[in-house]
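Residues per chain are reported as follows:
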Amino acid sequence: MEKSVKFSMLLEIYGKLLTERQADIVDLYYNQNLSLSEIADDSDVSRQAIRKSLLEAEKNLFDYEEKLGFLEKQVSREGKIEELLKLIDDEKIISLIDELR
């Protein structure tokens, strides 16, 4: 899984556990594709401060995932759903599965 996609997913799952500032920085860096310098300029702080906050947030997100494993479970569940959909011809069942997603 691409690093930016993984962090976007981790942020979606565990973002409320980060400080507001950390969540904003992760969002701007991984979801909005802003550089550290751009975030620093917009925030009126140093690039190094943004980098430090980003690294701390990344560590926290990895720690949460390691302990709770929600992303791993979600990815596994999606893989199983895809396998199941390949075996089903009934459009009504496929529609219900899509709704459950």
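The paragraphs below set out a description of the structure included in this document. All of these numbers come straight from a predicted model, not from anything done at the bench.

**Section: the side chain of serine 53**
Within the secondary structure layout, serine 53 lies in helix α4 (residues 47-68). Assessed through its relative accessible area of 10%, serine 53 is described here as buried. Sequence-distant contacts of serine 53, defined by excluding residues within four places in its chain, comprise Arg21, Gln22 and Ile25.

**Here we look at the packing of aromatic side chains**
For the coordinates displayed, the defined rule picks out five aromatic pairs. Ring centres of phenylalanine 7 and tyrosine 30 lie 4.7 Å apart, and the angle between their planes is 20°; on these two criteria the pair is classed as stacked. Taken together, the residues phenylalanine 7 in helix α1 (residues 3-14) and tyrosine 30 in helix α2 (residues 20-31) connect sequence positions 23 residues apart. The exposure class of phenylalanine 7 is buried, given its relative accessible area of 2%. Look at tyrosine 30 and you get buried, because its relative accessible area is 8%. Taken together, a centroid distance of 6.0 Å and an interplanar angle of 25° make the contact between tyrosine 14 and phenylalanine 70 stacked. On the criterion of sequence distance, the pair formed by tyrosine 14 in helix α1 and phenylalanine 70 in helix α5 (residues 70-87) is long-range, its members being 56 residues apart. According to the relative accessible area criterion, phenylalanine 70 is partly exposed, its value standing at 43%. Cluster of aromatic residues (ring-pair linked, three or more members): Phe7, Tyr29, Tyr30 and Phe62.

**A closer look at the packing of α1 against α4**
Where α1 meets α4, the axes come as close as 10 Å, and the angle between the chain directions of the two elements is 70°. One element, α1, and the other, α4, form an angle in the roughly perpendicular class. Of the residues in α4, those touching α1 at Lys3, Lys6, Phe7, Leu10, Leu11 and Tyr14 are Glu58, Leu61, Phe62, Tyr64, Glu65 and Leu68. Partitioning the contact of α1 with α4 into residue classes produces eight nonpolar, no polar and four charged.

**Comments concerning unusual backbone geometry**
In this structure, asparagine 33 takes a positive phi of about 60° despite not being glycine. Summarising the element assignment, asparagine 33 is placed in the loop between α2 and α3 (36-43). Despite not being glycine, aspartate 44 has its phi angle at roughly 65°, a positive value. Within the secondary structure, aspartate 44 is located in the loop between α3 and α4.

**Observations regarding the nonpolar core**
Formed by 17 residues in total, the largest nonpolar core has its most connected members in Leu10, Leu18, Val26, Ile50, Leu54 and Leu61. For this core, the secondary structure elements donating two or more residues are α1, α2, α3 and α4. The contact partners of leucine 18, leaving out residues within four places of it in the chain, are Leu11, Ala23, Val26, Ala57, Asn60, Leu61 and Tyr64. Counting residues in hydrophobic clusters, the runner-up holds five residues, among them Ile81, Leu85, Ile94 and Ile97.

The rules behind each value
- Residues numbered from 1 in each chain as written.
- Predicted model: local features only at pLDDT ≥ 70, side-chain atom pairs only at ≥ 80, totals over all residues.
- Heavy atoms only, no water.
- Helix = DSSP H or I, 4+ residues; strand = E, 2+ residues; numbered from the N terminus.
- Buried < 20%, exposed > 50% of the residue type's maximum accessible area, 1.4 Å probe, protein only.
- Contact = heavy atoms within 4.5 Å.
- Phe/Tyr/Trp six-rings, centres within 6.5 Å; stacked < 30°, edge-to-face > 60°.
- Axes fitted to C-alpha atoms, helices over the stretch in contact; angles between N-to-C directions.
- Parallel < 35°, antiparallel > 145°, perpendicular 65-115°, else oblique.
- Nonpolar A, V, L, I, M, F, W, Y, C, P; charged D, E, K, R; others polar.
- Core = buried A, V, L, I, M, F, W, Y, C linked by side-chain atoms within 4.5 Å.

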